[in-house]
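# Coordinate inspection notes
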Amino acid sequence: MSSLVGERTVEAHRADVVAWIERDGSSLSASRSLASDLNGEMAYDRHLARTLWADGIGRWGWPESIGGFGGSVLLRAVLAEELARRDLVHQNIRLMPEVLGAPVAAMASDGLLPFVEPYLSGQEWWCQGFSEPGAGSDLAGLATRADPIADGYVVNGQKVWTSLAQFAQRCVLLVRTGTEGHRGITALFVDMDSPGITVRPIDCMHGEDEFCELFFDDVVVPGDRVIGEVGGGWSVAMNVLAAERASIFWMRSAWLLGRFTAAVASGDVSDAALGEVYLNLMMLRSRSRETQHAMAAGRFDAASSSIDKVLMATAERSLFDALMLHSSRSSLIGNHHQDARARTEFLYSRAATIYGGTSEIQRTLIAQRVLGLPRGER
Ligand SMILES: Cc1cc2nc3c(=O)[nH]c(=O)nc-3n(C[C@H](O)[C@H](O)[C@H](O)COP(=O)(O)OP(=O)(O)OC[C@H]3O[C@@H](n4cnc5c(N)ncnc54)[C@H](O)[C@@H]3O)c2cc1C
């Protein structure tokens, strides 16, 4: 990426980021190697976020209103990329502050803005309470209700697949405050220690209980905890989607490229399989680069970002298919930590076609909203 960002060029920022990593990278790498489970990875990520914020390098690209140094989102993308290339981040953990922090910073009232810095600087953790047992792809059908009381709302309902909610102090929660589809949805900023909230982790097949079920029983949320407008929750959800497809995808694709390069160097994986992975990764990187620049220029197009999501899922699955199924290593049964990691990554890559909108839904959106094809018969 090459671009001028206010007083600070992307190139100058990258040079600072690389210098920072050269100074602190080996101690970060050593800390991360001690993280043997999800608790350890969370503790490492909090340490990383605190250090990045305290040293200032993590503040670039975030608005000054929440303690950032300003500048475009490209600066955040560059930091994420350089960390991911060196395997210094747990992908699924580090993405969350980008996904939730940016939209809340953009849409929050003055009263909510002070909550953003503690999140970005590693002092707090938030979760995203959108999906429900009966509302995933059909998010507009969500049923968790927030009924008005004198000075706020009473929330009742259930959420599911809420990533890392067991660690969260706050939740960006979509609730129904009206009757009509997406116009009746509001986003609330909820304290996770409010009476009436139950968090139940779910065991996942890749070995880490990364998701939870959330239950809300008569949970009182003050009226000043609305993010954006009452009935404006859908635009919060769309901004969360946009944030995911910005620096997160750039970070994840950089990490995938690092895993690909290691696979090439190992000589374990068939050339034909690696060739196909390379094509998928390059398509993703090229497309994602365009999206970063569109986002930085205020030209983000939610409909066409479905293309990024399909390319991401295709690249991720093809890479871990190649590592697991077209490799001379028997990672399926091997005992080495490398085999255990390959199994975890292979299993997690199955989720790539689901999270952030399934590939079936993305293809429908591309057909209808990008290509302008007619709706199919039901
Ligand atoms: C790793 C991971 C992390 C996640 N983290 C979070 C989180 O933090 N917070 C949160 O709120 N949610 C989270 N989710 C949930 C995610 O957003 C949903 O899983 C996703 O939106 C799909 O919803 P669903 O699981 O209910 O599947 P469903 O919507 O029930 O879909 C089931 C299948 O039917 C297909 N399908 C459904 N409708 C159609 C249609 N109209 N046309 C064609 N095919 C269709 C789907 O493509 C899919 O294959 C996460 C999911 C994963 C995998």
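First, a word on what this report is: a plain description of the structure on this page.

Criteria and thresholds
- Per-chain numbering applies: the sequence of each chain, read as written, is numbered from 1 onward.
- Local features in a predicted model are, by the rule used here, given only for residues with pLDDT of at least 70; side-chain atom pairs are given and counted only at 80 or more, and totals for whole chains, interfaces and linings are based on all residues.
- Water and hydrogen atoms were dropped before computing side-chain values, which therefore reflect all heavy atoms in the structure.
- Buried residues of nine kinds, namely Ala, Val, Leu, Ile, Met, Phe, Trp, Tyr and Cys, make up a nonpolar core once their side-chain atoms join them within 4.5 Å.
- Exposure is judged per residue with a 1.4 Å probe applied to protein chains only, and the accessible area is read against the type maximum: over 50% gives exposed, under 20% gives buried, and values in between give partly exposed.
- Numbering goes from the N terminus for both helices and strands, where a helix is a DSSP run of H or I of at least four residues and a strand is a run of E of at least two.
- Should any heavy atoms of two residues lie within 4.5 Å, those residues are counted as being in contact.
- For each structure, a 1 Å grid was placed over the protein atoms alone; sets of points admitting a 1.4 Å probe that cannot get out are labelled cavities, open sets with protein on both sides within 12 Å along at least five of seven lines are labelled pockets, and lining residues have an atom within 4 Å of a point.
- Grid points are joined across faces, edges and corners, and a volume is the space filled by probe spheres set on the points.
- Classification convention: Asp, Glu, Lys, Arg as charged; Ala, Val, Leu, Ile, Met, Phe, Trp, Tyr, Cys, Pro as nonpolar; all other residues, Gly among them, as polar.

The next point concerns the nonpolar core. Counting residues in hydrophobic clusters, the biggest one holds 94 residues, and the most contacted among them are Trp125, Trp126, Val155 and Leu188. Residue contributions to this core peak at 11 residues, all from helix α6 (residues 233-266). Setting aside residues up to four positions removed in sequence, tryptophan 126 forms contacts with Met96, Leu100, Gly101, Val104, Phe115, Val116, Tyr119, Ala168, Arg170, Val172 and Phe189.

Turning to the environment of threonine 9, a few remarks are in order. Position of threonine 9 among the secondary structure elements: in strand β2 (residues 8-9). Classification of threonine 9 by relative accessible area gives partly exposed; the value is 23%. In this structure the C-alpha to C-alpha distance between threonine 9 and threonine 144, which are 135 residues apart in sequence, comes to 45 Å.

Moving on: empty space enclosed by the protein. All chains considered together, the criterion is met by one cavity of 30 Å³ or more. As a volume, the largest cavity reaches approximately 260 Å³. Along the wall of the largest cavity there are 18 residues; nearest its centre are Leu52, Trp62, Leu79, Arg94 and Glu98. Among the secondary structure elements, those contributing two or more residues to the lining of the largest cavity are α2 (38-54), α3 (73-85), α4 (91-107) and α6. For the lining of the largest cavity, the element with the highest residue contribution is α3, accounting for four residues. Among the residues forming the lining of the largest cavity, the class breakdown is 13 nonpolar, two polar and three charged.

Right, let's get into the layout of surface pockets. In this structure, the second largest pocket occupies an estimated 800 Å³ of space. Lining the second largest pocket are 30 residues, and of these Arg32, Glu41, His90, Arg341 and Glu345 sit closest to its centre. Taken together, the elements giving at least two residues each to the lining of the second largest pocket come down to α1 (10-33), α4, α6, α8 (305-325) and α9 (337-349). Ranked by the residues each element gives to the lining of the second largest pocket, the list is headed by α9, at nine residues. Considering only residue class, the lining of the second largest pocket consists of seven nonpolar, 11 polar and 12 charged.

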